[in-house]
Amino acid sequence: MPDWLELELAETLRPVRAPDELWERISRAEPRKTRRSVVTAWPVAALLTMGIAAATLWFVAHGQEPPAGFSQLAAQVLRDESPLELRSDNPQEIGRWMQNQTGLTLSVPETTTARVLGARVIQHGKSPVAAVSYQVGQDSAVLLVARAGATSDSGHGQLSWTSRGQTYAIASTNHERPTEACVLCHSL
Amino acid sequence: MRALFEAYKDKVYSIALRFSGDPSTAMDMAQDAFLKLFSAIRDFRGNSSLDTWIYRIVVNSCLDHKRRVWRLIPLADEFVATLRAAGDSLTEAMKSEVRDRIWSAVNELAPDLRIAIVLRYTEGLSYAEIAEVLGAAEGTIASRLSRAHKELEKRLAYLVGNKGGSHA
């Protein structure tokens, strides 16, 4: 790169002082709520109905008792606005990163109606838990993955399950139909 | 919270402004970043430095923010003012014009290239630090910056003649 461009970039993009009114705006502001479009309600509702059916079938077929505590953790992680440690819409890249960071394995299908945003690692007791963030329509969702046994195993629900030594839980900002998050892995 | 705000307000706003190119959008982004920061600070575990963690929040706010239409610079009246200016004020006006063109070229970069450029030149982060903030390999960052530099050089090559070699 030529020197002139280096110098011009440093000059043009130099740091600036924040306006004084920024603090005032922040102290007045309330956390923004996600607006849900009426237009998208129909397809989302259809996807959710099928999602519930698929999740139910999956649990019946696998006969696993999903842990309720892990579902609650997923709901907490969804509300937590900590930044993603990896931003990527590539499921394979997220899978590799998760393997390196936690030793956990996850295979998300390439073809899906959900849009993957990235991942981060959270600590649950002494065990690492991988959190994959994604979007389904206007809604945000999260998939948690941990080693089986690292989470509480009481209760039974549609939003968490155990398979091949790993425990999974999903949560969605669509509180009326949280199972829409199932579309991450279930192409419906 | 106020102390945290005072410590990081200029960093947060600068990144938002240089990424968006628009003061109003930058205020929205900075506000969004601080609200996220305040709600998540209790969960900061120290796995990375506080700076890195805050940079990630700002970067996410920038990338998540809907892109707005870039203001066309110079506007007609500003251009006329440039022509009418004389002496030092003309020189200043021309410098400002060059900066606007560069800003505009930066804004046309893809978001992943633009954020790398902003972290590099606004915050002066090293390739390794940018890689940590963006959760990418250092080689990936080097590649992004190289692509960004090439695109900027190509788009701004016409300025070299107009600049009269002042930075040569």
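Shown above is the structure to which this text applies.
Residues numbered from 1 in each chain as written. Chains lettered and ligands numbered in written order. Predicted model: local features only at pLDDT ≥ 70, side-chain atom pairs only at ≥ 80, totals over all residues. Heavy atoms only, no water.

Draft legend 1. Structural context of the overall build of chain B. Along the backbone of chain B there are nine helices and zero strands. In chain B, the succession of α and β elements from N to C terminus is α-α-α-α-α-α-α-α-α. The buried share among the 168 residues of chain B stands at 48%. Summarising the internal contacts of chain B: among those between residues at least 6 apart in sequence, 67% fall at separations of at least 24. Carbon and sulfur atoms make up 54% of the accessible area of chain B, which amounts to about 8,200 Å² in all. (Helix = DSSP H or I, 4+ residues; strand = E, 2+ residues; numbered from the N terminus. Buried < 20%, exposed > 50% of the residue type's maximum accessible area, 1.4 Å probe, protein only. Contact = heavy atoms within 4.5 Å. Areas by Shrake-Rupley, 256 points an atom, 1.4 Å probe, with all protein chains shown as cover.)

Draft legend 2. Local environment of the interface of chain A and chain B. Taken together, the contacts link 37 residues of chain A with 45 residues of chain B. Looking only at chain A, the three residues that lose the most surface to chain B are Trp4(A), Leu13(A) and Trp23(A), adding up to 18% of its buried area. The greatest single-element share of the side of chain A that touches chain B, amounting to nine residues, is contributed by helix H1 (residues 3-12) of chain A. Of the residues that constitute the side of chain A that touches chain B, the class distribution is 21 nonpolar, three polar and 13 charged. (Buried area = accessible area lost by both parts, 1.4 Å probe. Nonpolar A, V, L, I, M, F, W, Y, C, P; charged D, E, K, R; others polar.)

Draft legend 3. Here's a closer look at the packing of helix H7 (residues 127-134) of chain B against helix H8 (residues 138-156) of chain B. Residues and elements named next belong to chain B. The geometry of H7 relative to H8 is characterised by a closest axis approach of 8 Å and an angle of 105 degrees between their N-to-C directions. As the angle between them shows, H7 and H8 are arranged roughly perpendicular. Residue-level inspection shows Tyr 127, Ala 128, Ile 130, Ala 131 and Leu 134 of H7 in contact with H8, the latter providing Glu 138, Ile 141, Ala 142, Arg 144 and Leu 145. Across the contact of H7 with H8, the residue classes tally to eight nonpolar, no polar and two charged. (Axes fitted to C-alpha atoms, helices over the stretch in contact; angles between N-to-C directions. Parallel < 35°, antiparallel > 145°, perpendicular 65-115°, else oblique.)

Draft legend 4. A look at the pattern of salt bridges. Residue and element names in this part refer to chain B. What the rule picks out here adds up to 12 salt bridges over all chains. The closest approach of N and O atoms between Arg 2 and Glu 6, which form a salt bridge, is 3.0 Å. Taken together, the residues Arg 2 and Glu 6, both in helix H1 (residues 2-20) and four residues apart, mark about one turn of the helix. Residue Arg 2 is classed as partly exposed on the basis of its relative accessible area, which comes to 41%. Arg 155 is paired through a salt bridge with Glu 151; the nearest N and O atoms lie 3.2 Å apart. Highlighted residues: Arg 155 and Glu 151, both in helix H8, separated by four residues, approximately one helical turn. (Salt bridge = Lys/Arg side-chain N within 4 Å of Asp/Glu carboxyl O.)

Draft legend 5. Layout of the packing of aromatic side chains. A full pass over the atoms with the stated rule returns four aromatic pairs over all chains. Ring centres 6.3 Å apart and planes at 70 degrees place the aromatic pair Trp23(A) and Phe38(B) in the edge-to-face group. Placement of Trp23(A) in helix H2 (residues 21-28) and of Phe38(B) in helix H2 (residues 23-40) is noted, with the two residues assigned to different chains. Of the residues examined, Phe38(B) reaches a relative accessible area of 16% and is grouped as buried. On the basis of an interplanar angle of 55 degrees and a centroid distance of 4.9 Å, the ring pair of Phe5(B) and Phe34(B) is categorised as tilted. Of this pair, Phe5(B) sits in helix H1 while Phe34(B) sits in helix H2, and the two are 29 residues apart along the sequence. There is no split in this pair, since Phe5(B) and Phe34(B) are both buried. Positioned above the aromatic ring of Phe19(B) is the side chain of Arg114(B), whose terminal nitrogen or guanidinium carbon lies 4.2 Å from the ring centre. (Phe/Tyr/Trp six-rings, centres within 6.5 Å; stacked < 30°, edge-to-face > 60°. Lys NZ or Arg CZ within 6 Å of the ring centre and 35° of its normal.)

Draft legend 6. A look at the pairing of strand E6 (residues 166-172) of chain A. Residues and elements named next belong to chain A. In terms of residue burial, E6 counts as a mostly covered element, since seven of its seven residues are buried. Burial along E6 is two-sided: Gln 166, Tyr 168, Ile 170 and Ser 172 facing one way and Thr 167, Ala 169 and Ala 171 facing the other are all buried. Relative to E6, strand E5 (residues 160-163) runs antiparallel, the two being bridged by four bridges. Counted as the bridge partner of Ser 163 is Gln 166 from E6. Turn length for the E5-E6 hairpin, with the two strands adjacent in sequence and antiparallel, is two residues, and the turn residue Arg 164 shows positive phi of about 50 degrees. (Pairing = 2+ DSSP bridges.)

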